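Examining the three-dimensional arrangement
Take a look at the letters that make up each chain.
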Amino acid sequence: MESSHVTALHAKHDGLERQLHAEMSRPVPDSAMIQALKRQKLKIKEAIAHS
């Protein structure tokens, strides 16, 4: 059973994934925003792995 902290991290990761997909779907994606979202996702993924 996952802790509420890990569940919250998964939810945040999913939200960032949706934001990333929305940004990449725009006619002119903001590459700086895409990189920032990817960095945030990676940090969360690492936090999940160490939980």
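Residues numbered from 1 in each chain as written. Predicted model: local features only at pLDDT ≥ 70, side-chain atom pairs only at ≥ 80, totals over all residues. Heavy atoms only, no water.

1. Topic: the packing of helix α1 (residues 4-25) against helix α2 (residues 31-49)
Pairs of packed helices are described in terms of their axes, by the angle between the two and the distance that separates them. Running from amino to carboxyl end, α1 crosses α2 at an angle of 160°, the nearest separation of the two axes being 9 Å. Put simply, α1 runs roughly antiparallel to α2. The hand of the α1/α2 crossing is left-handed. From α1, Val6, Leu9, His10, Lys12, His13, Leu16, Glu17, Gln19, Leu20, Glu23 and Met24 reach across to α2, where they touch Met33, Ile34, Leu37, Lys38, Gln40, Lys41, Ile44, Lys45, Ala47 and Ile48. Tallied by class, the residues present in the contact of α1 with α2 amount to 11 nonpolar, 4 polar and 6 charged. (Axes fitted to C-alpha atoms, helices over the stretch in contact; angles between N-to-C directions. Helix = DSSP H or I, 4+ residues; strand = E, 2+ residues; numbered from the N terminus. Parallel < 35°, antiparallel > 145°, perpendicular 65-115°, else oblique. Left-handed = near helix turned anticlockwise from the far one by under 90°. Contact = heavy atoms within 4.5 Å. Nonpolar A, V, L, I, M, F, W, Y, C, P; charged D, E, K, R; others polar.)

2. Observations concerning the side chain of Glu23
Looking at the element boundaries, Glu23 is found in helix α1. We classify Glu23 as buried; its relative accessible area is 9%. (Buried < 20%, exposed > 50% of the residue type's maximum accessible area, 1.4 Å probe, protein only.)

3. Observations regarding the nonpolar core
Listed in full, the 8 residues of the largest apolar core are Val6, Leu9, Leu16, Leu20, Ile34, Leu37, Ile44 and Ile48. Listed by contribution, the elements that provide at least two residues to this core are α1 and α2. Filtering out sequence-adjacent residues up to four positions away, Ile48 remains in contact with Val6, Leu9 and His10. (Core = buried A, V, L, I, M, F, W, Y, C linked by side-chain atoms within 4.5 Å.)

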